[in-house]
Amino acid sequence: MPNYERLRAEYTSRRISLDFDTGARITGYVASAKPPSGPVLVLNLTKAKIYDGQGRLLEEHEALSVVPNALMGFRVADGPGARE
């Protein structure tokens, strides 16, 4: 597992690339990490770009918040089939 603390301690103000198992990638400059201490749960990026698995640019954002952790699953939060 990556050392997420390095995202705060060493990479603030640096350009990074977040690579995903699909080949998709997010690049940007680390503006901050949240919370300010303990495990990094959210990264705030500036000049962020999102690429698909073939390297095609999908989106550009002046600011983007991302969760740098591995996704464990997902579920419907509203509508038919949502948990109450």
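Everything below is about the structure shown above.
The model shown is predicted, which means the values in this text are computed figures rather than measured ones.

1. Regarding the packing of aromatic side chains
The tally for this structure, following the rule as stated, stands at zero aromatic pairs. Between R25 and the ring centre of Y51, over which it is positioned, the NZ or CZ distance is 4.4 Å.

2. Side note on the nonpolar core
Counting residues in hydrophobic clusters, the biggest one holds 13 residues, and the most contacted among them are I16, L43, L45 and V66. Taken together, the elements giving at least two residues each to this core come down to β1 (15–19), β2 (25–34), β3 (42–51) and β4 (57–66). Those residues within four positions of L45 in sequence are excluded, and the remaining contacts are I16, L18, I26, G28, Y29, V30, A31, E62, A63, L64 and V66.

3. Points about the pattern of salt bridges
Inspection of every chain in the model, using the stated rule, returns one salt bridge. As a salt-bridge pair, R56 and D52 come within 2.8 Å of each other at their nearest N and O atoms.

4. Topic: the pairing of β3
With eight bridges connecting them, β2 and β3 associate as antiparallel partners. For R25, the partnering residue across the bridge sits in β3 and is Y51. Bridging between β3 and β4 involves eight bridges; their strand directions are antiparallel. Counterpart to L43 in the pairing with β4 is V66. Joining the antiparallel neighbours β3 and β4 is a turn of five residues, in which G55 adopts a positive phi near 85°.

5. Things to note about the side chain of N44
Note on placement: N44 falls in strand β3. We classify N44 as buried; its relative accessible area is 13%. Side chain to side chain, N44 and S65 meet in a polar contact 2.7 Å long. Beyond its immediate sequence surroundings of up to four residues, N44 is in contact with Y29, V30, A31, S32, K34, L64 and S65.

Calculation criteria
Residues numbered from 1 in each chain as written. Predicted model: local features only at pLDDT ≥ 70, side-chain atom pairs only at ≥ 80, totals over all residues. Heavy atoms only, no water. Phe/Tyr/Trp six-rings, centres within 6.5 Å; stacked < 30°, edge-to-face > 60°. Lys NZ or Arg CZ within 6 Å of the ring centre and 35° of its normal. Core = buried A, V, L, I, M, F, W, Y, C linked by side-chain atoms within 4.5 Å. Buried < 20%, exposed > 50% of the residue type's maximum accessible area, 1.4 Å probe, protein only. Helix = DSSP H or I, 4+ residues; strand = E, 2+ residues; numbered from the N terminus. Contact = heavy atoms within 4.5 Å. Salt bridge = Lys/Arg side-chain N within 4 Å of Asp/Glu carboxyl O. Pairing = 2+ DSSP bridges. Polar contact = N/O pair within 3.5 Å; in protein donor to acceptor, adjacent residues only side chain to side chain.

Note that all results are geometric; they support no functional claim without further evidence.
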